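Listed below are the residues making up each chain.
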Amino acid sequence: MRFDLRFQGARGIALVAITYVYFLIFAQFAFLSRLAELGIAGNPLRMILAAMAAGGILASLLAPGLAPFGAPALGIRIGLAFCGVAALVSLIPLHSAAAVGTAFLIGAGLGLLTVTLVTHLRDWTGDRHALLKVGMGTGAGYFLCNVPLIFNAQPEHQALFAAVLCAAGLCLTIQPPSVASGRAPAPRARMSFLRVLAAFAALVWLDSAAFYIIQHAPALKTGTWMGSVHLWTNACLHLCAALAAGLLLARRRLAIVLSAAFLALGSACVLLLHPANILTASTLYPVGVSFYSVALVAYPSFLTTATSPGQRARQAGWIYAVAGWIASALGIGMGQNLGRVPIAFVAVAGAVVLAPALFGIGRQRLRELVVLCAALAIALVIYRLLPEHSASGPLSPEERGRRVYISEGCINCHSQYVRPDSSDVLLWGPTESLDELHRQHPPLIGNRRQGPDLSQAGARRSPLWLKAHLVDPAQVSGASIMPPYAFLFRDQRGDDLVSYLASLHSADLAQRLAQEQAWSPSAAAVAQASAEEGEAVYRKFCATCHDAHGATRERWQTSFREKPADLFAGPFKYLPSSDPARKTRIARIAKFGIPTTDMPGHEYLGDRQLASLSLWLTEAAHPVPPSSRNTTGDTP
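Described below are features of the structure shown in this document. What you are looking at is a predicted structure, and each value in this text was computed from that prediction instead of being measured.

A closer look at the overall build of the protein
Phase 1 of the analysis: Within the protein, the secondary structure is distributed over 31 helices and zero strands.
Phase 2 of the analysis: Residue burial in the protein is summarised as follows: out of 636 residues, 49% are buried.
Phase 3 of the analysis: Summarising the internal contacts of the protein: among those between residues at least 6 apart in sequence, 80% fall at separations of at least 24.
Phase 4 of the analysis: Put simply, the protein shows about 28600 Å² of open surface, and 64% of that area lies on carbon and sulfur atoms.

Here you go:
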């Protein structure tokens, strides 16, 4: 019997670790990386993520009423089977509809697995040092996720590893636990269920927002979990914090564990506002995550006041549906839209998590608490009445335009962040420092690029081009899927938005100009160029301005700084016919535009498209006859 109990304890540790590794390595990393490899992005990706969340929420809420709760081992096996099958399916090429179904299966498998496991976890760990075993399982899961060999593996290998772990979990549950699943735990928590639910939701929200921000900010990611040293450090921090949380929970210190988790996570979120503090934030973040994660796993079986498996299961279902899925989605949304965790939200989350302790203090120190609250209220009123807030003066057109940019949801399709040391620099222009980004309120770095990056839009596009594109995007650029915003020009909002976009550029563009002069289409692109493709590119992107009766040319003819050149007639101010590298010059102008004019660049065109365009213009269309020597006149 002693051997059996030890084996059950080991199985409980292993099942907790397997669940965490699957969720963190596969569901949050490998699956999304596989979708990126398959070119799935934009609206299809949002549908896939929504399907995963829907599967998780539904399975979490419905699991308590399903038959497997009569046989907990069976419920766990079904959840592991769903998860393992989804991991294997992700290895094959998926179209969007298949990816939606796979995502739903991942969410449903995780929902059933987690709720069933945490409800009956005591059966798998036994009573002896049970909460320490929960800490060991949670810490082991996080430790494995941070092992460099696993963390840095290819998505396919991570998916296969997740499937193998699910198979191992199935083997562990073949023999059901010998402890009766209906046994009720002795009540240990003094916190009500609703307080616990609110605290977990606040902590998961903070965790998800911080995770997303770190993952999508190169400097923060590099200073947090890039490189073996960081990964091994995180692994050890997670394991030590999880063991400490298990020991505290064994001593009925749930409020202390949740409070410590908030203090670590909340401090990390505040420190992330300033990249110079990333080292301290990267230390606190894993500690806070492990602290609340152990409590999240342990609560339904060991810390709740519920006395029946059904009641424990229902509580577990609500915890994992609300905190595990909904709060996580809200945290990710905060990271996407704001790029930071507002200090005000950290304060609200702190009030929610620390409420039990504050309530206890309030009952004993009511008078002191009233004085403190009054002082805080007076300080807030004074802060709001400070001159810089009440007498800031009228807003500039750029400031008003920034508000239009936010209100119209431009961040949903356009980023304002040039990723350092990447192809972004050639496409969109010089980078900005993180300090410059963090001085924005709120930062608008974005995370989606259904349209071009706009951080250097003012250097790459003239105000007239910006206005014409906002009024009728498809007319200005045949490839544009952007909806028209002509209605903004019925009042001041359109011109304000143009002013804001025109202000987006670096003070020093020497780096950009040097790149333009150094660029030329690759030799392979030139060899593959064809006049037929060049004509198609011209008709789609150039004819609207450079045909004699082009739509944009005629609509805005009185507003151009210099009227666009008719590429079949000339004259050509910026392209002398004597230029021996005329093809390269045409490709360079088409890619980068001409500064101080309304001629935009077409950075998103590939080298072969640009080489084909210049081939067609110089050899097929013959826009520059040898007899032409005029070096003044219209722009190309």
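Having seen the model, we can carry on.
Focus on the packing of aromatic side chains
Phase 1 of the analysis: Going through the model one piece at a time under the given rule, you end up with 12 aromatic pairs.
Phase 2 of the analysis: Geometrically, the ring pair formed by Tyr20 and Tyr142 is tilted, given 5.1 Å between the ring centres and 40° between the ring planes. Residue Tyr20 is found in helix H1 (residues 2-37), and its partner Tyr142 is found in helix H6 (residues 130-145); the two are separated by 122 residues along the sequence.
Phase 3 of the analysis: You can call Tyr142 buried: its relative accessible area is 7%.
Phase 4 of the analysis: An aromatic cluster of at least three residues, connected via ring pairs, comprises Tyr22, Phe26 and Phe31.

Comments concerning helix H19 (residues 397-407)
Phase 1 of the analysis: Along H19, the residues classified as buried are Gly401, Arg402, Val404 and Tyr405. When H19 is viewed along its axis, its buried side chains cluster within an angular range of 160° and face the same direction. For H19, exposure combined with an orientation more than 90 degrees from the buried face picks out Arg403 and Ser407.
Phase 2 of the analysis: Just downstream of H19, Gly409 is the residue with a positive phi angle, here 75°.

So, the side chain of Ser60
Phase 1 of the analysis: Mapped onto the elements of the fold, Ser60 is located in helix H2 (residues 42-62).
Phase 2 of the analysis: Excluding residues within four positions of it along the chain, Ser60 makes contact with Gly111, Val115, Gly317, Tyr320, Ala321 and Trp325.

What about the packing of helix H11 (residues 228-250) against helix H12 (residues 254-271)?
Phase 1 of the analysis: As a packed pair, H11 and H12 sit with axes 8 Å apart at the nearest point and diverge in direction by 150°. The angle between H11 and H12 places the two elements in the roughly antiparallel class. Taking contact as the criterion, the partners of Ala245, Leu248 and Leu249 in H11 are, on H12, Leu254, Ile256 and Val257.
Phase 2 of the analysis: Class assignment for the residues of the contact of H11 with H12 results in six nonpolar, no polar and no charged.

Digging into the pattern of salt bridges
Phase 1 of the analysis: Inspection of the entire model under this criterion finds 10 salt bridges.
Phase 2 of the analysis: Note that Glu156 is salt-bridged to Arg34, the shortest N-O span being 3.3 Å. Here the residue Glu156 occupies a position in helix H8 (residues 155-172), and Arg34 occupies one in helix H1, the gap between them amounting to 122 residues.
Phase 3 of the analysis: Notably, a salt bridge pairs Glu603 with Arg461, separated by 3.2 Å at the nearest N-O pair. In this pair, Glu603 sits in the loop between helix H30 (582-592) and helix H31 (607-620) while Arg461 sits in the loop between helix H22 (457-460) and helix H23 (463-471), placing the two residues 142 residues apart along the sequence. Across the pair, Arg461 and Glu603 agree in class, each one buried.
Phase 4 of the analysis: Each of the salt bridges in this network shares a partner with another, and the network as a whole consists of Arg460, Arg461 and Glu603.

Comments concerning unusual backbone geometry
Phase 1 of the analysis: Unusually for a residue other than glycine, His129 sits at a positive phi of about 50°.
Phase 2 of the analysis: Along the chain, the position of His129 falls in the loop between helix H5 (121-125) and H6.

Quick look at the side chain of Thr544
Phase 1 of the analysis: Relative to the assigned elements, Thr544 resides in helix H28 (residues 531-546).
Phase 2 of the analysis: The exposure class assigned to Thr544 is buried, which follows from its relative accessible area of 11%.

Side note on a nonpolar patch on the surface
Phase 1 of the analysis: Taken together, Leu58, Leu61, Leu62, Leu66, Phe104 and Trp318 make up a surface patch of nonpolar side chains, about 560 Å² in accessible area.
Phase 2 of the analysis: Looking at the nonpolar patch, the element that brings in the most residues is H2, giving three residues.
Phase 3 of the analysis: The residue Trp318 is located in helix H14 (residues 309-338) in this model.
Phase 4 of the analysis: Residue Trp318 is classed as partly exposed on the basis of its relative accessible area of 46%.

Quick word on the environment of Thr544
Phase 1 of the analysis: Taking C-alpha positions, Thr544 is 8.1 Å from Ser477, a pair spaced 67 residues apart along the chain.
Phase 2 of the analysis: Leaving out residues up to four positions away in the same chain, Thr544 has contacts with Gln475, Val476, Gly550, Ala551, Thr552 and Arg553.
Phase 3 of the analysis: A distance of 2.9 Å separates a polar side-chain atom of Thr544 from the backbone oxygen of Gln475.

A short note on helix H4 (residues 96-119)
Phase 1 of the analysis: A rise of 1.5 Å per residue sets the reference length of H4, with its 24 residues, at 34 Å; its end C-alpha atoms lie 34 Å apart and thus fit the reference within 8%.
Phase 2 of the analysis: Buried residues dominate H4, accounting for 17 of its 24 residues.

A short note on the environment of Asp598
Phase 1 of the analysis: In this fold, Asp598 is placed in the loop between H30 and H31.
Phase 2 of the analysis: The spatial distance from the C-alpha of Asp598 to the C-alpha of Pro463 is 8.0 Å, given a sequence separation of 135 residues.
Phase 3 of the analysis: Sequence-distant contacts of Asp598, that is, excluding residues within four places in its chain, are made with Ser462, Leu464, Trp465, Ser559, Phe560, Arg561 and Glu562.
Phase 4 of the analysis: Engagement of the side chain of Asp598 in a polar contact is seen with the backbone nitrogen of Arg561, the distance being 2.8 Å.

Here is what the cut-offs are and how they apply
- Residues numbered from 1 in each chain as written.
- Predicted model: local features only at pLDDT ≥ 70, side-chain atom pairs only at ≥ 80, totals over all residues.
- Heavy atoms only, no water.
- Helix = DSSP H or I, 4+ residues; strand = E, 2+ residues; numbered from the N terminus.
- Buried < 20%, exposed > 50% of the residue type's maximum accessible area, 1.4 Å probe, protein only.
- Contact = heavy atoms within 4.5 Å.
- Areas by Shrake-Rupley, 256 points an atom, 1.4 Å probe, with all protein chains shown as cover.
- Phe/Tyr/Trp six-rings, centres within 6.5 Å; stacked < 30°, edge-to-face > 60°.
- Arc of directions from axis to C-beta.
- Axes fitted to C-alpha atoms, helices over the stretch in contact; angles between N-to-C directions.
- Parallel < 35°, antiparallel > 145°, perpendicular 65-115°, else oblique.
- Nonpolar A, V, L, I, M, F, W, Y, C, P; charged D, E, K, R; others polar.
- Salt bridge = Lys/Arg side-chain N within 4 Å of Asp/Glu carboxyl O.
- Patch = residues over 30% accessible without salt bridge, like charges linked within 9 Å, V, L, I, M, F, W, Y side chains within 5 Å.
- Polar contact = N/O pair within 3.5 Å; in protein donor to acceptor, adjacent residues only side chain to side chain.
- Expected span 1.5 Å × (residues − 1).

Functional significance is not addressed by these values, which are geometric in nature.
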